Amino acid sequence: MRIAPGDGPGGPERIEARFGGQAYALHRHDTYAIGVTLNGVQSFTYRGVERNSLPGNAIVLHPDEMHDGHAGAEGGFRYRMLYIDPDAIRDALPDGTRSLPFVKECISRDRALCAAALSALRHIDREKTELEWASDISDIANALGRIDTATAPRRTAPADIGAVRLAKQAMLEYLDRDLPLGDLESITGQSRFALARHFRAVSGISPHRWLVMRRLDRARAALQTGATLSAAAAEAGFADQAHMTRHFKNAFGMTPGAWRERLNYLASKKP
């Protein structure tokens, strides 16, 4: 088992584990446990019923619910799990939400929930920023709330376009370093979770994803002027070259080095 760096007391915790046979006895958490099965058959008893999760499935275990864990087939299983305080889920839901969401089916292939869980658990080898956590928890909470229609708020307030504009302006001004999330809340007048909701409603993506794309824009501009990969990463506000490369490949389907080589090749072919 491994725990993601930077996770621990006072915040969400992510783990990855691999087990064969009996993994753990009956126990319970005081958090939501949101997981993804990666390999094998992840079996567990939950609410008195045997459950079997296959690769790609999302798992939702509610606070204070007894469950165990064991392999459901030869070869064991591997999974990742995220533990979120119920207060964070409540804070991330829209104003007027009636109660904490309850998902009857603890194993789900709901697209929004699976996507949100995978995003939160994808890069378990590195520490997440506050902005990433706000986006991840907001997406998970909204997915849970959409599945449990009983929690739906009585009305949905319009998106705060002005707050989103202020957020974008502030993030651009601090593009080469992380702007403390508390400062962003003060600038926009919105809580981190409300801002994440408004931002997605206005821009179609999370504030963290928007920030990454603007940093990639700056990195590409730096590479076009001849900057080294490490210099471009630093100028654009990435932690290091590897951090930039990972996001670059996810966004453009190639590494920044390959992108620059292609750019140079095309330039050499111009008459």
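Residues numbered from 1 in each chain as written. Predicted model: local features only at pLDDT ≥ 70, side-chain atom pairs only at ≥ 80, totals over all residues. Heavy atoms only, no water.

Novice: Quick question: what am I supposed to make of the overall build of the chain here?
Specialist: Along the chain, the regular secondary structure elements total 10 helices and 10 strands. Reported as C-alpha extents along the three principal axes, the dimensions of the chain are approximately 70 × 45 × 35 Å. The proportion of buried residues among the 271 residues of the chain is 46%. The contacts in the chain between residues at least 6 apart in sequence include a share of 72% that link residues at least 24 apart. (Helix = DSSP H or I, 4+ residues; strand = E, 2+ residues; numbered from the N terminus. Buried < 20%, exposed > 50% of the residue type's maximum accessible area, 1.4 Å probe, protein only. Contact = heavy atoms within 4.5 Å.)

Novice: Hey, could you run me through the pairing of strand β5 (residues 42-46) in this one?
Specialist: Regular strands place their side chains on alternate faces of the sheet. Taken across its 5 residues, β5 has 4 buried, putting it largely inside the fold. Where β5 and strand β6 (residues 49-53) come together, 5 bridges link them in antiparallel fashion. Following the sheet pairing, Ser43 is matched in β6 by Asn52. The turn joining β5 and β6, which pair antiparallel and follow one another in sequence, is formed by 2 residues; a positive phi near 55° is taken by Arg47. Looking at chain direction, β5 and strand β8 (residues 67-71) are connected through 3 bridges and run antiparallel. Within β8, the residue paired with Tyr46 across the bridge is His67. (Pairing = 2+ DSSP bridges.)

Novice: Help me understand the confidence of the model for the chain in this model?
Specialist: When pLDDT drops low, the exact placement of atoms in the prediction is not to be read closely. Considering every residue of the chain, the mean pLDDT works out to 88; 93% of them sit at 70 or more. The weakest mean pLDDT in the chain belongs to helix α10 (residues 256-268) at 81; the strongest belongs to strand β7 (residues 58-61) at 96. (pLDDT = per-residue confidence, 0-100.)

Novice: Is there a simple way to explain the packing of aromatic side chains in this structure?
Specialist: How two aromatic rings sit relative to each other is set out by the distance from centre to centre and by the angle between their planes. Counted under the stated rule, the structure contains 8 aromatic pairs. Between Phe19 and Tyr79, the ring centres sit 6.5 Å apart and the planes meet at 25°, which makes this aromatic pair stacked. Of this pair, Phe19 sits in strand β2 (residues 13-19) while Tyr79 sits in strand β9 (residues 77-84), placing them 60 residues apart in sequence. With a relative accessible area of 21%, Phe19 lands in the partly exposed category. When the centroid spacing of 5.8 Å and the interplanar angle of 65° are considered together, the rings of Phe248 and Trp259 count as edge-to-face. With Phe248 in helix α9 (residues 241-252) and Trp259 in helix α10, this residue pair connects regions lying 11 residues apart in the sequence. The ring centre of Trp133 lies 5.7 Å from the NZ or CZ of Lys128, which sits over that ring. (Phe/Tyr/Trp six-rings, centres within 6.5 Å; stacked < 30°, edge-to-face > 60°. Lys NZ or Arg CZ within 6 Å of the ring centre and 35° of its normal.)

Novice: Sorry if this is basic, but what is going on with the sheet that holds β5 here?
Specialist: Strand-to-strand pairing in sheets goes through backbone hydrogen bonds, with the strands running parallel or antiparallel. With respect to topology, 4 strands assemble into an open sheet ordered β3-β8-β5-β6, the strand pairing being antiparallel. Bordering the open sheet on either side are β3 (22-27) and β6, each of which pairs with just one other strand. In this sheet, neighbouring strand axes are inclined to one another by 20° on average, regardless of whether the strands run parallel or antiparallel. (Axes fitted to C-alpha atoms, helices over the stretch in contact; angles between N-to-C directions.)

Novice: Is there a simple way to think about a negative patch on the surface in this case?
Specialist: Judged by side-chain charge, Asp30, Asp85, Asp87 and Asp91 come together as a negatively charged surface patch. The residue Asp30 is located in the loop between β3 and β4 (32-40) in this model. (Patch = residues over 30% accessible without salt bridge, like charges linked within 9 Å, V, L, I, M, F, W, Y side chains within 5 Å. Areas by Shrake-Rupley, 256 points an atom, 1.4 Å probe, with all protein chains shown as cover. Salt bridge = Lys/Arg side-chain N within 4 Å of Asp/Glu carboxyl O. Lys, Arg positive; Asp, Glu negative; His and termini not counted. Charge placed at Lys NZ, Arg CZ, Asp CG, Glu CD.)

Novice: Would you mind showing me how to read the pattern of salt bridges here?
Specialist: Here the idea is simple: oppositely charged side chains can pair when their charged atoms come close. All chains considered together, the criterion is met by 14 salt bridges. Residue Asp139 is joined to Arg200 by a salt bridge in which the shortest nitrogen-to-oxygen separation is 2.8 Å. Placement of the pair is Asp139 in helix α3 (residues 130-147) and Arg200 in helix α6 (residues 192-203), with a sequence separation of 61 residues. Asp178 is the partner of Arg215 in a salt bridge, and the nearest nitrogen-oxygen pair spans 3.1 Å.

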